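Now for the letters of each chain:
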Amino acid sequence: MFSCLKDKVGEVLLPGDDFSFRADDTISLTDPVKPEKAVCGPGLRRSGDRLVVCKSGVLRHKQPNMFWIDSQQRRYVPAKGETVIGIVTVKSGDVFKVDFGGSEQASLSYLAFEGATKRNRPNVQVGDLVFAQFVIANKDMEPELVCVDSSGRANGMGVFGGGGLLFRVSLGLVRRLLAPHSVLRVELQQLFPCELVVGMNGRLWVKASSVQQTLVIANLLESCENMTAEQRRQLFRRAAQGAL
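The notes below deal with the structure included here. This one's a predicted model, so the numbers in the text were calculated from it and none came from an experiment.

Residues F96, L108, F113, F134, L145 and F160 are the most contacted members of the largest nonpolar core, which totals 28 residues. Of all the secondary-structure elements, those providing two or more residues to this core are strand 8 (83–92), strand 9 (95–99), strand 10 (106–109), strand 11 (129–136) and strand 12 (144–146). With 5 residues, strand 11 is the single largest residue contributor to this core. For L108, the residues in contact, after removing those within four places along its chain, are D94, V95, F96, V98, F113, V130, L145, V146 and C147.

Have a look at this one:
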């Protein structure tokens, strides 16, 4: 199966495409060495002895054995541990309701902030932007967010957003921006130094030194979603020369 998957890396796959395990991919009871198993990422699902594609997009591979589908999806499904940008919509007692762009709103306790106590409540108002992390993301339970990590530190999370611009992009562009060595992010910082907050739910918040630069950055990010690397470099050169 690994050879079949690697042959398809970089190609467009559609829902319903499947890959069957060959005989040499099965586990032998007499062989002490177990064969490698494929790690299924977003867009792939194991079904018995088959690997089924459940989302249209381009097949990607990461060494040694991780495969996933890179798609231009905009609908976000919450997952535990992911950080998102949310908007506080309701302030009810000890709990805030946060809209993160999913099918339902998430809850955020006032104690889920660094240094928050019953006497020292955080200053959160309706309409504020929060950068938070999912601790509960289950289809049978209400999603729950926190603004602290496992050690109780904010680590960049909390209320933010004064003077910036919030907009939406595809989840594929978000993954490209959050990649460890993102060329797009480096080129953008060289063009216009700015503050950039990236949520896994497809929301971006950007703030540059002026309103004009902030709008230019937002338009550049929205325009380069479906561009090749060469097209993106040409667009950034035009922006640096003031042609946009």
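The structure having been displayed, the exposition proceeds.
For helix 2 (residues 171–178), the complete set of buried residues consists of L171, G172, L173, V174 and L177. In this fold, the buried residues of helix 2 make contact with strand 7 (66–70), helix 3 (183–191), strand 15 (195–198), strand 16 (203–207) and helix 4 (211–223).

Read from one edge of the open sheet, 3 strands run 14-16-15, paired in antiparallel fashion. At either margin of the open sheet sits one strand with a lone partner, and together these are strand 14 (165–168) and strand 15. Within the sheet, the average angular offset between the axes of one strand and its neighbour, ignoring direction, is 20 degrees. Strands in contact with helix 4 are strand 14, strand 15 and strand 16; relative to strand 14, the strand with the most contacts, it is inclined by about 10 degrees.

Before going further, it helps to examine the pattern of salt bridges. It is possible for side chains bearing opposite charge to pair when their charged atoms get close. Taken as a whole, this structure holds 11 salt bridges when the rule is applied. When the shortest N-O distance is used, the salt bridge between D70 and R60 registers 3.5 Å. With D70 in strand 7 and R60 in strand 6 (residues 57–62), this pair connects stretches of sequence that are 10 residues apart. The class of D70 is buried, set by a relative accessible area of 19%. The exposure class of R60 is partly exposed, given its relative accessible area of 34%. Here R232 ties to E187 by a salt bridge, and the two come within 3.0 Å at their closest N and O atoms.

To continue, consider the pairing of strand 5 (residues 50–53). As defined by bridge partners, strand 2 (residues 18–20) adjoins strand 5 across 3 bridges and the pair is classed as antiparallel. Counterpart to S20 in the pairing with strand 5 is R50. For strand 4 (residues 44–47) and strand 5, the ladder comprises 4 bridges, and the chain directions are antiparallel. Looking across to strand 5, one finds that R46 is bridged to L51.

Cut-offs and rules
- Residues numbered from 1 in each chain as written.
- Predicted model: local features only at pLDDT ≥ 70, side-chain atom pairs only at ≥ 80, totals over all residues.
- Heavy atoms only, no water.
- Core = buried A, V, L, I, M, F, W, Y, C linked by side-chain atoms within 4.5 Å.
- Buried < 20%, exposed > 50% of the residue type's maximum accessible area, 1.4 Å probe, protein only.
- Helix = DSSP H or I, 4+ residues; strand = E, 2+ residues; numbered from the N terminus.
- Contact = heavy atoms within 4.5 Å.
- Pairing = 2+ DSSP bridges.
- Axes fitted to C-alpha atoms, helices over the stretch in contact; angles between N-to-C directions.
- Salt bridge = Lys/Arg side-chain N within 4 Å of Asp/Glu carboxyl O.

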